[in-house]
Every structure is written in C-alpha cells, then in structure tokens.
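Now for the letters of each chain:
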Amino acid sequence: MTDNGSMDVPEISAEWYRDVVDAAASTPEPVQWFAGHATEGVILLLGALLLVAALRRLAGGPHDRALALVAPVPALLAYAGSEWFKTVVDEDRPCRAIGSAIIAGACPPPGDWSFPSNHSTVAGALAVTTLLLSRRLGLVALPLAALAAFSRVFVGVHYPHDVIAGVLFGALVAVVATPLLARPATEVLRRRADGPIPKLASRSGP
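Read on for an overview of the structure.

### Remarks on the packing of aromatic side chains
- With the rule as written, the count across this model stands at 4 aromatic pairs.
- Here the aromatic rings of Trp84 and Phe85 are separated by 5.2 Å at their centres, their planes lie at 65°, and the arrangement is edge-to-face.
- For Trp84, a relative accessible area of 51% translates into the label exposed.
- Classification of Phe85 by relative accessible area gives partly exposed; the value is 30%.
- An aromatic cluster is present here, built from Trp84, Phe85 and Phe169 joined pairwise through their rings.

Here it is as structure tokens:
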C-alpha cells in the first residue's frame, strides 16, 4: 500500500499492461473497434447462456427449479462486492497512472477505481454459475469470460491483475453463493409442492 492508502501495482502487471496496449495500438482499426465493444457484448452473451441454462433447469424437480431461480443472484452479489473492494483499494486506472496510448474511447474519470475489474467479476460469476447449472453451456461460458476479462486490458482500462482478481472473485462468489441460496429455495419449493395435496384429499369424500 502507498502512503495515501492506495494499492501498489505489481511491476510485472504494469509490464504486461504496457506490452498488451502497445500490441493493441498496432492492430487494424476493425480489430480495435471490435475490442472496444466486445466486453459488453460478451457479458450479454454470458447472460443469455445463463438464461438458457436456467430455463432448462425449470423443467426439473425442486432443486433444479431453485437453481434456476437463484441463478442471477451470484453475479449481482459479485458486482456489489467488487464495488466495495474498489472503495477500499483505491487503485488508479493504468491509462491515467502509466499514460500509454489506449484504444478505449476514453480513460474512466478519476474516482472510477481499477481494482478489481467489475466486468471481469460479473463475467466470472456468470460463467461459473452457468457451469454449475449446465456443464455443456458452462464450458462455452468459461472461455467467453476469459475473453471479456482480457478485452479490458486490451483496450487499456485495466491492469492484468485487475481482471484476474475480478474473474477469480466472481467465480468464488458463484461457487459459494449458488448452493447456499439454492438450499432454502429448494425447501420452499418442496413445501409448496407438497402442501396442497392433503387439503385436496380431505375434500374428495362423499
């Protein structure tokens, strides 16, 4: 930590950042345009994969339906946690601290801290939650999450350690929160499924 409470940037991460943004600056304009819009598109695609995995689970028993119902929550929790970490760490954006040329439209304003990457956190949470619901779709989602994370470095708005930490944090939240949230939801769904049966039986007499 520095004297003002912000986190020291690992030198190897700063070096990787310079290497990536220098390589990005030399790519053709269509590649730069795609990279500048890729993150949001990949996040939307990850959300769509999670939705498909959740809809498939709705056809199953109470536990499957519970997983489907709680599926969006880990990503929301991970995002909130990453926002909290940003206020604690106060790491300035590399595009401001290092000053390299970037292909993003603009460097985020002061106070929009860098560690961890929100996009990478959400991508990691969505991908791992999808994997927990559907192995097949999850194996598609994981490399997409890696692409979303890398794109944040490529356009110049995050250090590599920002996106690595974000993906790992999002994945951890998904692994822990998904079963914890699904357990009580499963019990509620089972009670709702079993509850009306005795009442119906008692009213079916002559």
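### Here we look at the packing of helix H2 (residues 29-57) against helix H7 (residues 135-154)
- It is the contact of H2 with H7, at a shortest axis distance of 9 Å, that shows an interaxial angle of 155°. Relative to H7, H2 is oriented roughly antiparallel. The element H2 and its partner H7 pack so that their crossing is left-handed. Where H2 approaches H7, its residues Val31, Ala35, Thr39, Val42, Leu45, Leu46, Leu49, Val52, Ala53 and Arg56 are matched on the opposing element by Leu137, Val140, Ala141, Leu144, Ala145, Leu147, Ala148, Ser151, Arg152 and Phe154.
- Of the residues that constitute the contact of H2 with H7, the class distribution is 16 nonpolar, 2 polar and 2 charged.

### Some words on the side chain of Lys86
- Summarising the element assignment, Lys86 is placed in helix H4 (residues 73-89).
- The buried charged residue Lys86 lacks any salt bridge partner; its closest oppositely charged side chain belongs to Asp112, at an N-O distance of 4.5 Å.
- Among residues more than four places away in sequence, those in contact with Lys86 are Arg93, Trp113, Ser114, Phe115, Pro116, Asn118 and His158.

About the criteria used
- Residues numbered from 1 in each chain as written.
- Predicted model: local features only at pLDDT ≥ 70, side-chain atom pairs only at ≥ 80, totals over all residues.
- Heavy atoms only, no water.
- Phe/Tyr/Trp six-rings, centres within 6.5 Å; stacked < 30°, edge-to-face > 60°.
- Buried < 20%, exposed > 50% of the residue type's maximum accessible area, 1.4 Å probe, protein only.
- Axes fitted to C-alpha atoms, helices over the stretch in contact; angles between N-to-C directions.
- Helix = DSSP H or I, 4+ residues; strand = E, 2+ residues; numbered from the N terminus.
- Parallel < 35°, antiparallel > 145°, perpendicular 65-115°, else oblique.
- Left-handed = near helix turned anticlockwise from the far one by under 90°.
- Contact = heavy atoms within 4.5 Å.
- Nonpolar A, V, L, I, M, F, W, Y, C, P; charged D, E, K, R; others polar.
- Lys, Arg positive; Asp, Glu negative; His and termini not counted.
- Salt bridge = Lys/Arg side-chain N within 4 Å of Asp/Glu carboxyl O.

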